[in-house]
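# Examining the three-dimensional arrangement
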Amino acid sequence: MEFSLPSLPMLKICSYLDAYSLLQVGQVNKSWNAVSNSDFLWRRLCLMRWYCFDITLEHVGTQTWKQFFLYRSRQERAKSLAKPADFFVREIPGNFGGQGLASYLSGSGLTPSGQGKSVVCVVTSMSRLTTWDIKEGVMTWVSPVQPTCITRMTTLPEMHLAVTVDMETTIKLWNCRDRDAQATNTMFTSCQTLKAVLTKYGPVVLASDTSGNLYVFRIPDLCLIIRIHIFQYPIDEVYCSPQKKWVFLNKRHPKILPKVFLLRSLLRPLEYSNPVFIDLPFSLCQRAFWTPRREDRITLMSRRGPVQNAIFSTFDMELIETEKRTSANAREIAGFEMQGYLNNMEWMGVSEKDVIVFSTGKSLLLFNMWGFRLQTFQDYPQVITRLKVDPLHVIVTFNDGTLEVYAWEERNNLLRKCYRLQHPRHLGPQSIFPKTLCDDLSIVRVVSRSRQCCFLAAYILNVFS
């Protein structure tokens, strides 16, 4: 224990440790404790676990990255081990336009006081943007009424920003504190998809229109970086890989293959004469999911044939750089076809350990990427209508509004059932749940019972109050 190393070699050695080992190192002596508390080491662990690119301590509300890591880890553990009695339910009524345009503005971040806080951003009356403190159930900000209806909305939770597009194809950036929009621009035709992402080159907005064009706007001035024609038809999906290295673009059409672009080549048009991309040899793709905490792996699902069998394929993206050019390659590493599950087989997700989870009727199935069945949850009393899959949890929505929460086991490839959450009053089969939002403190859903009746149903974890 008396043996000591210079700080730089010691810092390098500690960079290979996980959080538990780093905490143990800090108990050896004062010098090792000083090294183990380095913000460099704890920010690296935060980046590996939550991909918090270009986030400052001011954004997360703590004094050190170690504090942020430990607090958020405790939040995650508390949510996984919670019971239904640990949640309280809150309804936020409002005219949310029936389409359920809602997105988290800030979730698992901390306020300066150190208390967790969930804030949701919602389009109200289709022409006004509002933010709500979920725990308190109060509106915290409202925008002016817009001249035309808002059709798309996305947020950057880390920067407290929201981006909207209206029926006149005007795109606006809001910081959700000021009255007026921070910046505006326009698109050529109606917006089809909208996504704000935080990259290592800065925050940007990815938008597509009904003519099959992809736009990349810079934040905060919404200056157009590039506009590129992708398909002859509107783009159905835009998904970025975990570290925002790749962007997946898809059109559900039998003669159109999905594309994967190197995002860097879109953000730096002066450096690249042409954007770097690859067509994935997988037609009629219905769902796609990047493997969490892996930068280059994506799993695709389609339903083909007269009996609509589900087909899964997993690809590894490869970047090939030479002195003359940069190109991309997609290598298929696994795939299988599912037969006999024809009932509502459309929702899917992937864990960081390459486990594919998908729903079919009243069953939840887990397979590895080669098609070997690992786990089955079946004979639910209700039909599964939606899945939300993230690196920590799987949230199952049933057609009666009930939620079932599962957690990924750290030491194996299986799911552990956590708890079931029910709404205090019966929502009825006529209700629609177009979107489920989740952070470490709460689960929020848009509930649409009719065009005139649309509200937010929030389940808030009460452990940290």
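This report concerns the structure included in the present document. As the structure is a prediction and not an experimental result, all values here were calculated from the model. In this numbering scheme, every chain counts its residues from 1 along its sequence in written order. Given that this is a predicted model, residues contribute local features only at a pLDDT of at least 70 and side-chain atom pairs are listed and counted only at 80 or more, while totals for whole chains, interfaces and linings are drawn from all residues. Values shown for side chains rest on all heavy atoms present in the structure; no hydrogens or waters enter the calculation.

If charged atoms from side chains of opposite charge come close, those side chains can pair. Any carboxyl oxygen of Asp or Glu that lies within 4 Å of a side-chain nitrogen of Lys or Arg is treated as forming a salt bridge with it. Throughout the structure, instances matching the rule amount to 17 salt bridges. R218 is the partner of D221 in a salt bridge, and the nearest nitrogen-oxygen pair spans 2.5 Å. For every residue, the accessible area (1.4 Å probe, protein chains only) is compared with the maximum for its type, and the residue is labelled buried under 20%, exposed over 50%, or partly exposed between those bounds. Residue class for R218 comes out partly exposed when judged on its relative accessible area of 39%. Among the salt bridges present, the one from E321 reaches R264, with a minimum N-O distance of 3.2 Å. Here E321, found in strand β20 (residues 309–321), pairs with R264, found in helix α7 (residues 263–267); they are 57 residues apart in sequence, far enough to count as distant. For E321, a relative accessible area of 52% translates into the label exposed. Here the residues in one salt-bridge network are R294, R297, D316, E318, R331 and D354, joined through shared partners. Helix and strand definitions follow DSSP, with helices as H or I runs of at least four residues and strands as E runs of at least two, each counted in order from the N terminus.

Whether two strands pair comes down to DSSP finding at least two bridges between them. Taken in spatial order, the four strands of this open sheet run β26-β27-β28-β29, and their pairing is antiparallel. With partners counted over all chains shown, the strands left at the sheet margins are β26 (384–389) and β29 (415–421), one partner each. The average undirected angle you get between the axes of adjacent strands in this sheet is 20°. Pairing geometry for β26 and strand β27 (residues 393–398), over five bridges, is antiparallel. Bridge pairing in β27 links V389 to V394. Sheet contacts for helix α6 (residues 65–80): β27, β28 (403–408) and β29; angle to β29, the most-contacted strand, approximately 75°. Under this scheme, a helix contributes an axis fitted over its contacting stretch, all axes are lines through C-alpha atoms, and angles between N-to-C directions fall in the 0 to 180 degree range. Whether two residues are in contact is decided by their heavy atoms, any of which lying within 4.5 Å being enough.

Okay, the packing of aromatic side chains next. Two rings from Phe, Tyr or Trp (for Trp, the six-membered ring) form a pair when their centres are within 6.5 Å of each other. A pair whose planes differ by under 30 degrees is stacked, one over 60 is edge-to-face, and the rest are tilted. Evaluated as defined, the whole model comprises 14 aromatic pairs. Look at F336 and F367: their rings are 5.8 Å apart centre to centre, the planes differ by 20°, and that puts the pair in the stacked class. You can see F336 sitting in strand β21 (residues 326–338) and its partner F367 sitting in strand β24 (residues 363–368), a full 31 residues away along the chain. Counting every residue linked through ring pairs, the aromatic cluster contains F312, F336, F358 and F367. A ring has a charge above it when a Lys NZ or an Arg CZ is no more than 6 Å from the ring centre and no more than 35 degrees off the ring normal. Sitting above the plane of the W347 ring, R287 keeps its charged end 4.1 Å from the centroid.

Turning our attention to the pairing of strand β12 (residues 213–218). Within β12, five of the six residues are buried, which leaves it mostly tucked inside the rest of the structure. Hairpin connection between strand β11 (residues 202–209) and β12: a loop of three residues separates the two successive antiparallel strands, and G212 in this loop has a positive phi of roughly 85°.

Here we come to the pairing of strand β7 (residues 161–166). Along β7, six of the six residues are buried, which leaves the element largely enclosed by surrounding structure. Of the two faces of β7, the one lined by L161, V163 and V165 and the one lined by A162, T164 and D166 are each fully buried. Strand direction decides the pairing type here: strand β6 (residues 150–156) and β7, joined by six bridges, are antiparallel. Residue R152 lies in a different strand from β7, and its bridge partner there is V165. Taking the residues between adjacent antiparallel strands as the criterion, β6 and β7 are bridged by four residues, where H160 takes a positive phi near 60°. For β7 and strand β8 (residues 170–174), the ladder comprises four bridges, and the chain directions are antiparallel.

To continue, consider unusual backbone geometry. I219 connects to P220 through a cis peptide bond whose omega is 25°. Structurally, P220 is set in the loop between β12 and β13 (224–229). Residue L284 is not a glycine yet carries a positive backbone phi of 55°. Following the sequence through the fold, L284 ends up in the loop between β17 (277–279) and β18 (285–290). L284 gets classed as partly exposed once you look at its relative accessible area, which sits at 32%. Positive phi outside glycine occurs at R293, with the angle close to 60°. The topology assignment puts R293 in the loop between β18 and β19 (297–304). Relative accessible area serves as the criterion here: at 21%, R293 is assigned to the partly exposed category.

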